[in-house]
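Chain residues, written in single-letter form:
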There are 2 protein chains.
Amino acid sequence: MTHANDLHAALDPASIAIVGASDNPHKVGGRPILYMKRYGYRGTIYPINPARAEVQGLKAYPDLAALPAAPEMAIVAVAGDEAVRAVEACAARGVKVAVVMASGFGEVGAAGKVLQDRMLAAARGAGMRMIGPNCQGIANLASGTIASFSTMFHEIEPQDGPVAIISQSGACAAAIYVLARQRGLAVRHAHATGNEADVTVSDLAREVVRDPGVGLLLLYLEAIPNPAVLAQAAGEARARDVAIVAVKAGRTASGQKAASSHTGALASEDRVVDAFLAKHGIWRADDPHALVSAGHLYLKGWRPKSERIVVVSNSGASCVMAADAAEAFGLPLAEITPATKEKMTAVLPGFATAVNPIDVTGALLTDSGMFERLLPVIAAGVDADLMLAALPIAGAGYDVPRYAREFAAHAAATGCAIAVAATQAEVRRAFEEAGLPSFEREREAMQALAQLARHAALLRNAPAQASAAERARPLPKLEGGGKFVGEAQSLALLAAAGLSVIAHRLCTSEAEARAAFAALGGPVAIKASSPDAPHKTELGLVALGVADADAAAREFVRQRVGLESLEARFDGVIVARMAKKGRELALGARVDPQFGPIVMIGDGGIYLEALKDFVLLLPPFDAAEARAALGRLRIAPLLAGVRGEAPRDLDAVAQIAVRLGAAIVAWQDQVASIDINPLMVYAAGEGAVALDALIELASDT
Amino acid sequence: MTHANDLHAALDPASIAIVGASDNPHKVGGRPILYMKRYGYRGTIYPINPARAEVQGLKAYPDLAALPAAPEMAIVAVAGDEAVRAVEACAARGVKVAVVMASGFGEVGAAGKVLQDRMLAAARGAGMRMIGPNCQGIANLASGTIASFSTMFHEIEPQDGPVAIISQSGACAAAIYVLARQRGLAVRHAHATGNEADVTVSDLAREVVRDPGVGLLLLYLEAIPNPAVLAQAAGEARARDVAIVAVKAGRTASGQKAASSHTGALASEDRVVDAFLAKHGIWRADDPHALVSAGHLYLKGWRPKSERIVVVSNSGASCVMAADAAEAFGLPLAEITPATKEKMTAVLPGFATAVNPIDVTGALLTDSGMFERLLPVIAAGVDADLMLAALPIAGAGYDVPRYAREFAAHAAATGCAIAVAATQAEVRRAFEEAGLPSFEREREAMQALAQLARHAALLRNAPAQASAAERARPLPKLEGGGKFVGEAQSLALLAAAGLSVIAHRLCTSEAEARAAFAALGGPVAIKASSPDAPHKTELGLVALGVADADAAAREFVRQRVGLESLEARFDGVIVARMAKKGRELALGARVDPQFGPIVMIGDGGIYLEALKDFVLLLPPFDAAEARAALGRLRIAPLLAGVRGEAPRDLDAVAQIAVRLGAAIVAWQDQVASIDINPLMVYAAGEGAVALDALIELASDT
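A few points on the structure. (Residues numbered from 1 in each chain as written. Chains lettered and ligands numbered in written order. Predicted model: local features only at pLDDT ≥ 70, side-chain atom pairs only at ≥ 80, totals over all residues. Heavy atoms only, no water.)

### Describing the overall build of chain A
- Of the regular secondary structure elements, chain A holds 25 helices and 30 strands.
- Taken over the C-alpha atoms alone, chain A extends approximately 95 × 80 × 40 Å along its principal axes.
- Across the 701 residues in chain A, those meeting the buried criterion constitute 60%.
- Sequence separation of 24 or more characterises 72% of the internal contacts of chain A that already satisfy a separation of 6 or more.
- Each charge class in chain A was averaged separately, 66 positive and 74 negative side chains, and the resulting centres sit 2 Å apart. (Helix = DSSP H or I, 4+ residues; strand = E, 2+ residues; numbered from the N terminus. Buried < 20%, exposed > 50% of the residue type's maximum accessible area, 1.4 Å probe, protein only. Contact = heavy atoms within 4.5 Å. Lys, Arg positive; Asp, Glu negative; His and termini not counted. Charge placed at Lys NZ, Arg CZ, Asp CG, Glu CD.)

Pasting the structure below:
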């Protein structure tokens, strides 16, 4: 699926043929010509129309064969079978990229899929890339390449600038474009990929982040068919300090159902998507509105080093609500030291209190120099990387342009990221003219600042690379067959991968069971081990607290007979030390068909499924990442120790998780999943130990 | 604090004096006169200004004494001591309501508070009501009473209509007003109460809901000093089908800190506020933006009977995101039956699938009759009370006014509440002109619909009234003294109030302990009972699993000696049956200084505090309400039964909670709190039982 560098022609082709070119600039085959003439496409346009000598004032050709040279791009603006034939003709003629606009292919079912596959085969056979079908197309305002029939450039005049939009959905690309332009963002790229038979959003993202004029990339995705390409795009974007924000729709079961009826997108477990995007420094937004919301903050180049915020307002109520919002969004309010408090009190009105949020009060109306005096005190004495300036009401009598200049100067001097919140459009306009991002809603401003700070932190931490030492050895070729590895072997493999497992012996005779009892010291747990009996508890093949050697021998016999009666293979019977009581967590790993190896850490026991208190990590990751993930569990406060309980040994859990990650990476061809439940976790310094383990084999092993 | 009916003069006074009247219409003492002349105040205006014979063309008077008659309202637009003297003069002159605008009183500290108290005393002494000080004042567009110096009526021209805004904060009142007017809501009342020395937001709310022209009440509160008045206002509003939406700021610890430095507002535990507002059918919004967001939906009179939603869009991506949002907001997507699906398929384009969300696809552009055919199919066959119509892009070529007419007709015919989402302002405008509430953001439209449906459900259920049978008997006069009631008596009192407690005997001799063991059957739990030793476990005064009569007798002695060594009173020693294992919940009740009796139901054991998984209820409430509250616990899925565990007896828990509520209501003068932890809950039908109970006495008992 990798066709290196050959999407350059999609963004800046030297020549473009339009198959189905129309003289009517409001038809699908006419609009691209109109746009390209209007927005300065500098290459050659070849209208293809057997019925006309000229189209929109340009010389027309009867077919591709009649062209003087092979066009780099072809827009296919004809429908059905004709579109298929056109794609085949493009491939034959040596076109580099075909943009297929017609719908009625993969998205409508099996018959359409057959036609789509024919187009794809023709393209692949000739090394031609294909965008679509069922797509709105490509628009690059820098090169004037508007291979798009979207009406969006009628709705709002384009302005070339640092924002790029890439969307599977055409309507969504247009909506994001309109939202961005309404917010004053200048947009260079606006691409919609439709059915993605060949070129995906990720492919275009990888190409677009190489455009040095791009500073912010906004994506709308319903599926991520090639995560490795998106990861690569994200890596290049990170290197160039280009932020990527993405809506991945189909977050919920209903949404995935709707997505599959929209573009037939493949559903993936949503929290895996979260983990993947976070790992690669892509911020996940909830909807197109949230996608553009923080745009100006990113483009200012602000990359806050902390989440500490200072709030300044002329309304006490705004201060109260901002404090609520800061706590809700998890932004710590920067401290005002006593020394700064003293200086601040000197510049604030008599009845104002120098606390953060800082309420300059309604006195601002009669004291326009307030901010000029206050902001230097903040710059010198308040350790904040974020600032919310909330002016809910600042109408007649307020010198808003002056405030705007002063806040802009503060941002320039300190590097502090400032978001302005103002109910009145004219107040926002004044701040925007001074270069400060402005919001109607305080909560939205605060949320955008939180996003900026957290995204900056994500972008500072490149994804972990596995060190040689951390790599697990490949799995030996496993004998036998079937779906599972017996418990004894599962434990042995995990122990070999460096995970701490409960002390145990695999016994194949009564005598060995007695000897194990003696060696381990009672009471013991006894469990049958067989690749054919993965769910031993349900089968009655587990005995806990077996108290003497005779009982252990009797239990051995009972379990061997039990396995025999099930016609299950007999690995032996595990005699294990009874673990002392700790906090039970669950650890798991599996190989996702799209995203590859994944590690899960969760609240253990039988409640894992009901309460779903778990986190996911994509290996390789390091112990710090695993520790941070543990902190996101709902039960995190319990792990930290409550009511005199000791804190749990989370370093041990993190270490085990890292090794489990290395194991699933090394074993991914042979292993489908690994379950460790429970992992018994002891007080800090006392470790954690796997009590039960089950390895499931990949189906083709 | 109750002054019935005397706030009518605040909203529609026959005459108004302005103390400190200014000829300059942009000063605090001039602006109200300008506004009242402009917006048609029909009563008499008396400017008070000793220096002028005329103010803004009206005859001026040197002082209140010189007026021909006592004015019903006086605006005090002078500052400091002068304001205090003016309030005293108003009280002496027989003014009914004084609006005190000056700041520098209670909000600035002790010295200001002294002045404020003097004003209040003067007002109270004369039976005069006082609004403020430090307030922006009153504005009633129906009567033209604009006793407000806010610039908001310069910012956006007023329009009398069904919306009322009451806010402690003046800036917030103005911001809400601007937001509401920008959304096209017509506002009659806009009041700001400032320091609330006398009149509170609740007082004005009670008055305003009696205005038959008011259909929606929006509140901004930082404290609820008189919840009973707000409850009464809410009751009257409910009776008239007037919805109340409130921002109660100071939700978080930081917010409460900020609030206390803003207006000195009293902090109350935020979840109690949630419970109080919900009980009285007041919807709690997060910020002023959310306050106005659903305004048009309420004013359409829609009161959805269910939360089932149907989504219609011309964008597949919108359908996917709407499905995500519906699930996120907990709105079930209405089912499309096979019969309806068939009819729908007939009217949709060939490549569209008849599922909900319904994607009419981009074919809408060339098929303007789509909705005319589709909507009757929905009306006849889709059981939904909510509809989202999402048209992210519908520019040139789309017959938007026609769609708007058709959706409006659908709403009129079915009563279905419709919210429209459109990125483009002109599309929203077309729908608004057809009378349909429109939103830029799909998520906001969806959230507004969810709010409407849930609020309607709240408004259908009037707060429960305690039946005579449910009332607990008053507490007998308790002997002794101290902070706590001994456990034996605590259990006895709860048992008398109808709560199920563990079988036990209070023993005062070894012989009684032996007899109790024999009667209850071992093993037993043994605990010392003393009002002076509430925390028995920490004191080593609990023994579990005592297995024979001799051991019980020995434990009796040990615990009696233990209490003696603590010099604690000796009620006796409780010998209790060991409870069989169940799921542990915690139940509690306390008397909140503001909101009165409260019942808490939470996940029990030592994790209650760390995980804070609890719900609050304000008694009286019924078993159904308690059951619903149990469903909001995070552990609710566990209580419903997981992995083959039986569901828990939640009916028993609900019954116990109802009785605990009745008890705390009956005992509130004597009791500060009641703790039941654990309440052991068994499988459905097997009940629940209190194992430990502790009653804390009110400090003045």
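And the narrative resumes.
### A word on the packing of aromatic side chains
- Counted by the stated rule, this structure contains 20 aromatic pairs over all chains.
- Three or more aromatic residues joined by ring pairs make a cluster, and in this case those are Tyr35, Tyr39, Phe153 and Tyr177 of chain A.
- One residue, Lys59 of chain A, lies across the ring of Tyr61 of chain A, its end atom 4.7 Å from the ring centre.
- Over the face of the ring belonging to Tyr682 of chain B we find Lys580 of chain B, whose NZ or CZ atom lies 4.2 Å from the ring centre. (Phe/Tyr/Trp six-rings, centres within 6.5 Å; stacked < 30°, edge-to-face > 60°. Lys NZ or Arg CZ within 6 Å of the ring centre and 35° of its normal.)

### Considering helix α6 (residues 170-182) of chain B
- The terminal C-alpha atoms of α6 of chain B lie 18 Å apart, and with 13 residues this matches the ideal 18 Å at 1.5 Å per residue to within 8%.
- Where burial is concerned, most of α6 of chain B is hidden: 11 out of the 13 residues are buried.
- Buried residues belonging to α6 of chain B abut α13 (316-328) of chain A together with α5 (152-155), β10 (163-167), β11 (187-192), β12 (216-221) and α11 (288-293) of chain B.
- Between a side-chain oxygen at the N-terminus of α6 of chain B and the backbone nitrogen of Ala171 of chain B the separation is 3.4 Å; the capping residue is Ser169 of chain B.
- Positive phi appears at Gly184 of chain B, one or two residues downstream of α6 of chain B, with a value of about 85 degrees. (Expected span 1.5 Å × (residues − 1). Polar contact = N/O pair within 3.5 Å; in protein donor to acceptor, adjacent residues only side chain to side chain.)

### Examining the interface of chain A and chain B
- Chain A puts 70 residues into the contact, and the matching count from chain B is 70 residues.
- Roughly 5,600 Å² of surface becomes buried between chain A and chain B when both sides are summed, with 62% attributable to carbon and sulfur atoms.
- Ranking the residues of chain A by area buried against chain B places Val320, Met321 and Arg441 of chain A at the top, with a combined share of 10%.
- On inspection of chain A and its partner chain B, the count reaches four salt bridges.
- The partner of Asp287 of chain B in a salt bridge is Arg441 of chain A, and the shortest N-O contact between them spans 2.8 Å.
- For the pair chain A and chain B, the number of links is 10 residue pairs in polar contact (both at pLDDT 80 or more).
- Within the residue set of the side of chain A that touches chain B, elements represented by two or more residues are α6 (170-182), α9 (253-263), α11 (288-293), α13, α17 (425-433), α22 (608-611) and α24 (636-639) of chain A.
- Broken down by element, the side of chain A that touches chain B gets its largest block of residues, eight residues, from α13 of chain A.
- Looking at the side of chain A that touches chain B residue by residue, the classes come out as 36 nonpolar, 17 polar and 17 charged. (Buried area = accessible area lost by both parts, 1.4 Å probe. Salt bridge = Lys/Arg side-chain N within 4 Å of Asp/Glu carboxyl O. Nonpolar A, V, L, I, M, F, W, Y, C, P; charged D, E, K, R; others polar.)

### Concerning the relation of the copies chain A and chain B
- With an RMSD of 0.1 Å, the operation that places chain A on chain B is a rotation of 180 degrees combined with a shift of 0.0 Å along the axis. Between the two chains, the operation in question is that of a two-fold axis. Relative to the rotation axis, the closest C-alpha in chain A is found at Arg634 of chain A, a distance of 5.2 Å.
- Looking at the interface residues of chain A, 99% of them are also at the interface in chain B, so both copies use one shared face. (Least-squares fit on C-alpha atoms with pLDDT ≥ 70 in both.)

### Section: the environment of Leu541 of chain A
Residue and element names in this part refer to chain A.
- Looking at the secondary structure, you find Leu541 in the loop between β22 (524-529) and β23 (542-546).
- Exposure remark for Leu541: the relative accessible area of 3% places this residue in the buried category.
- Distance from Leu541 to Arg471, taken between C-alpha atoms, is 35 Å for residues 70 residues apart in sequence.
- Ignoring anything within four residues of it in the chain, the contact list for Leu541 reads Ile526, Lys527, Ala528, Ala533, Lys536, Gln559, Gly562, Leu563 and Leu566.

### Concerning the sheet that holds β10 of chain B
Residues and elements named next belong to chain B.
- If you walk across this open sheet you meet the seven strands as β9-β8-β11-β10-β12-β13-β14, and the pairing is mixed. In this open sheet, the two strands that pair with only one neighbour each are β9 (145-148) and β14 (282-285). Ignoring which end each strand starts from, the neighbouring axes of this sheet average 15 degrees apart.
- The sheet contact formed by β10 and β11 spans five bridges and is parallel. Within β11, the position partnered with Val163 by the bridge is Val187. (Pairing = 2+ DSSP bridges. Axes fitted to C-alpha atoms, helices over the stretch in contact; angles between N-to-C directions.)

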